[in-house]
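# Working through the structure, step by step
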Amino acid sequence: MLSPIQEYVEQLYSRYASSMDGQVADYIPELAKADPRCFGICIATRDGHVYEVGDTRQPFTIQSISKALVYGLALEDRGEEHVLSRIGVEPSGEAFNAISLKEGTGAPFNPMINAGAIATAGQILKKDGKSRIDRVVEYLSGFAGRDLDINQSVYRSESETGHRNRAIGWLLRNFGILDEDPDETLETYFQQCSVEVTCRDLALMGATLANQGIQPVTRKRAIAAEYVDNVLGVMATCGMYDWSGEWIYRVGLPAKSGVGGGILAVLPGQLGIGIFSPPLDKQGNSDRGIKVCMDLSRELALHMMNPTATPRSAIRLKYHGGEVVSRRRLPPQARELLRANGSMIQIMELQGGLTFTTIEPVIRLATALGADCRHIIFDLRAVVSANSVSLILLANLGPRLASLGVRVLFCQPAKFMTALRAVGIAEADIFTTMDAALEHCEDSLLLEVTGVSWRPHMPLSLKSCTLFRQCSTEDIAFLEQELPRRHYTGDQSIINCGDLAAEMFVIVSGTVEVQIRTEDQTRKRIDVLTAGMTVGEMAFLDSSARSADVVALESVECVVISKAWFDALNERNPALKITMLQEMTHEIADRLRQANLSISAFHRS
């Protein structure tokens, strides 16, 4: 099944697939050979899940995107104080290849322009018998999660035509920013720009920065954690050349572009984005890449200044219908069927603020669960906010899972009821309580498994009642003769809280509800019992006061067992009493077993 998020990415791709605005870079001859039709979009989450469409596996050279990452290596090698003494972090407001140095010191304004990137390459140390470029390629490979290589044709083309950069290199040497003649440093810089990557690589590089420097696929550290913020900081202020201010205003993500057509963007703590499209705008940024990122930020609410952008997990708890059941007592056979098939009902309790980045793992999990279940319930009780993006994605999930035979339900929506309806979620798929949603799913599942409704359609015989199911034919005849029957109308009280338990009841037809009274004297349902079940046995057994009310929900017929009659069985029919006590013990043990399953599910970390 196509995920709603994957479908969105594909729609975004289709929106701009035919756009050919911009010009492929031609100041480096090899770059002019790029196919302007190439176009890829990739989003990688901080746990390594990837959404991609288009030419995401097409190799191209990283170009200036390398500047941001290599700056991190320079910080690791030399430390922040040393690097800041050679390279500033102020936006220059000038083109990427401007000969722009600070007056007096000769330091480049920032590491994202060519002057700053060449100075950065000069701060990389040769270590362990490895050259600067060997270490740079190894470092970039750590971000990508695979071994990267240099495109030698592009490198030669860059080196042969890099006269302006050579001039910058000698200026940096003149001001003491570089400690040695710039030739080797320049070749390192030309080679680092010629490292081949893919759009997918860029997204995973971004996800690595979003994940505090841990590559999400390999789980290996790519950059020291203390320098992640420094890298993201200069990307945010300087990464998009002389369009950086407008970029952070409109898109709001730390990013770096390259004249090879790539853009790498990061939503800190959450995800990385990679775009590949060679035609560039006047600032040297991918034209389609800019448009895609603007749409992503606006439509998915990814702007990092958005106050709802939080990396906290939206899933508070996840459990299934075999672990947690509705507040009603089902017949033993139905209970066993639910326990065996309960995983067909999946429940996710959501929490906090719902945004694209918090709901994305929820959509992904629900999509995976849809292969093996029939119902998914989203409990919204602990959700404090939900933007339109998150609700639209949840709404779009329903029809897709329905194609697999899975129904998506929502419960306890509170203040989100109107918003759920507004995004197209049907009234029939919204329940005011978790209990109501669970009951609906249980009834549907039991009907699917057995082919018949579990609800009795006529009064039951005593033999069909749980308490008497192990009784002999003679015992059943004895019970029919001995036990009186009582009828109740809808809303009539059968048991009142506080009364002494002088009787227990076996329901042969109808439904009753067990209720407790809250502090404000409203009634809260804690159990529902139907034909075949026993009511009031707990207090009956220990002769205590009733702890709850029991009210008939419809016309009810009960068999009444008095305390005096039951005690007299010690002499009159002790075997029958033992049989009944064993059945009550079995029933209580089964309910305790279910309670343990529920407690375990609710306390799962």
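The structure under discussion appears in the preceding block.
Heads up: these notes are all about the structure in this document. Note that the coordinates shown come from a computational prediction; the quantities given were computed from them, not determined experimentally.

The interhelical angle for the contact between helix α4 (residues 114–123) and helix α8 (residues 183–193), taken along N-to-C directions, is 110 degrees, at an axis separation of 9 Å. Judged by the angle between their axes, α4 and α8 are roughly perpendicular. In this structure, α4 meets α8 at a crossing whose hand is right-handed. Two secondary-structure elements touch here, α4 through Asn114, Ala117, Ile118, Ala121 and Gly122 and α8 through Thr185, Leu186, Thr188, Tyr189 and Gln192.

It is worth spelling out the state of the cysteines at this point. Per the stated rule, a full pass over the model turns up zero disulfides. The thiol of Cys238 is not disulfide-bonded; the next cysteine sulfur, from Cys193, is found 17 Å away. Here Cys293 is not disulfide-linked; the sulfur of Cys199 is the nearest cysteine sulfur, at 9.6 Å. Among the residues examined, Cys293 registers a relative accessible area of 1% and is labelled buried.

Once that is clear, we can look at the pattern of salt bridges. For the coordinates displayed, the defined rule picks out 50 salt bridges. The closest approach of N and O atoms between Arg400 and Glu7, which form a salt bridge, is 1.9 Å. With Arg400 in helix α15 (residues 388–402) and Glu7 in helix α1 (residues 4–16), this residue pair connects regions lying 393 residues apart in the sequence. For Arg400, a relative accessible area of 18% gives the class buried. Note that Asp443 and Arg328 form a salt bridge whose closest N and O atoms lie 2.7 Å from each other. Linking Asp443 in helix α17 (residues 434–450) with Arg328 in the loop between β8 (315–320) and α13 (332–341), this pair joins segments that are 115 residues apart in sequence.

Its place among the elements puts Thr534 in strand β18 (residues 534–535). The contacts of Thr534, once residues within four sequence positions are left out, are Arg329, Leu467, Met504, Phe505, Val506 and Leu529.

Turning our eyes to something else, we now look at empty space enclosed by the protein. Under the criterion given, the structure shown has one cavity of 30 Å³ or more. Looking at the largest cavity, its volume works out to about 100 Å³. Lining the largest cavity are 13 residues, with Thr466, Leu467, Met533, Thr534 and Glu587 sitting closest to its centre. Among the secondary structure elements, those contributing two or more residues to the lining of the largest cavity are α13 and α21 (574–602). Broken down by element, the residue count for the lining of the largest cavity peaks at three residues, all from α21.

Parameters at a glance
- Residues numbered from 1 in each chain as written.
- Predicted model: local features only at pLDDT ≥ 70, side-chain atom pairs only at ≥ 80, totals over all residues.
- Heavy atoms only, no water.
- Axes fitted to C-alpha atoms, helices over the stretch in contact; angles between N-to-C directions.
- Helix = DSSP H or I, 4+ residues; strand = E, 2+ residues; numbered from the N terminus.
- Parallel < 35°, antiparallel > 145°, perpendicular 65-115°, else oblique.
- Left-handed = near helix turned anticlockwise from the far one by under 90°.
- Contact = heavy atoms within 4.5 Å.
- Disulfide = S-S within 2.5 Å.
- Buried < 20%, exposed > 50% of the residue type's maximum accessible area, 1.4 Å probe, protein only.
- Salt bridge = Lys/Arg side-chain N within 4 Å of Asp/Glu carboxyl O.
- 1 Å grid on protein atoms, 1.4 Å probe; cavity = no way out; pocket = protein on both sides within 12 Å on 5 of 7 lines; lining within 4 Å.
- Points joined across faces, edges and corners; volume = space filled by probe spheres on them.

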